[in-house]
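Spelled out, the chains give:
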Amino acid sequence: QVHLVESGGGLVQAGGSLRLSCAASGRTFSTYAMGWFRRAPGKEREFVAAINWSGGVTRYADSVQGRFTISRDNAENTVYLQMNSLKPEDTAVYYCAAQPGSDYASTWGYDYWGQGTQVTVSS
């Protein structure tokens, strides 16, 4: 079982930045692929970014490419999402997800999910 806890959400003005963190339990974090997803009000959950277990491969949704950066610290069992140039349409609950035993920066197929952290971008 993998337990994930997100933090770092909040209210920010358009053009601002936030850094989300996701702390994971387990002694084998370095063998998990990790992803970030979001769900905006009235919309389905969508993929945002993913990183493979070594951190050498990343993948982004077109809507955040060039503005968001996913990274990980395997010594701290933590994955991050640096969000710059935020837009009102980035407003959503952001979730991190884990895929143990996978070395792919996948857009789907995650087994474990956190509870989410709210990000609100005002115009």
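Read on for an overview of the structure.

Reading the values: the criteria
- Residues numbered from 1 in each chain as written.
- Predicted model: local features only at pLDDT ≥ 70, side-chain atom pairs only at ≥ 80, totals over all residues.
- Heavy atoms only, no water.
- Pairing = 2+ DSSP bridges.
- Helix = DSSP H or I, 4+ residues; strand = E, 2+ residues; numbered from the N terminus.
- Axes fitted to C-alpha atoms, helices over the stretch in contact; angles between N-to-C directions.
- Buried < 20%, exposed > 50% of the residue type's maximum accessible area, 1.4 Å probe, protein only.
- Contact = heavy atoms within 4.5 Å.
- Disulfide = S-S within 2.5 Å.

Further remarks concern the sheet that holds strand S1 (residues 4–7). Read across the sheet, 4 strands follow the order S1-S3-S8-S7 without closing on themselves; strand pairing throughout is antiparallel. Looking at strand neighbours, the two that pair on one side only are S1 and strand S7 (68–73), the edges of this open sheet. Averaged over all pairs of adjacent strands, the angle between strand axes in this sheet comes to 15 degrees, irrespective of strand direction. Where S1 meets strand S3 (residues 18–24), 4 bridges bridge the pair, whose relative direction is antiparallel. Residue pairing in the sheet places Val5 in a bridge with Ala23 of S3.

With that settled, consider the environment of Gly9. Tracing the backbone shows Gly9 in the loop between S1 and strand S2 (10–13). Of the residues examined, Gly9 reaches a relative accessible area of 32% and is grouped as partly exposed. As a C-alpha pair, Gly9 and Tyr94 span 85 residues in sequence and 8.1 Å in three-dimensional space. Gly9 has contacts with Leu20, Thr117, Gln118 and Val119, leaving out every residue within four places of it along the chain.

Further remarks concern the state of the cysteines. A full pass over the atoms with the stated rule returns 1 disulfide. Paired through a disulfide, Cys22 and Cys96 show a sulfur-sulfur distance of 1.9 Å. Taking the sign of the torsion about the S-S bond as the criterion, the disulfide between Cys22 and Cys96, at about 40 degrees, is right-handed. Here Cys96 lies in strand S9 (residues 92–100) and Cys22 lies in strand S3, a separation of 74 residues in the sequence. The exposure classification of Cys22 matches that of Cys96, with both residues buried.

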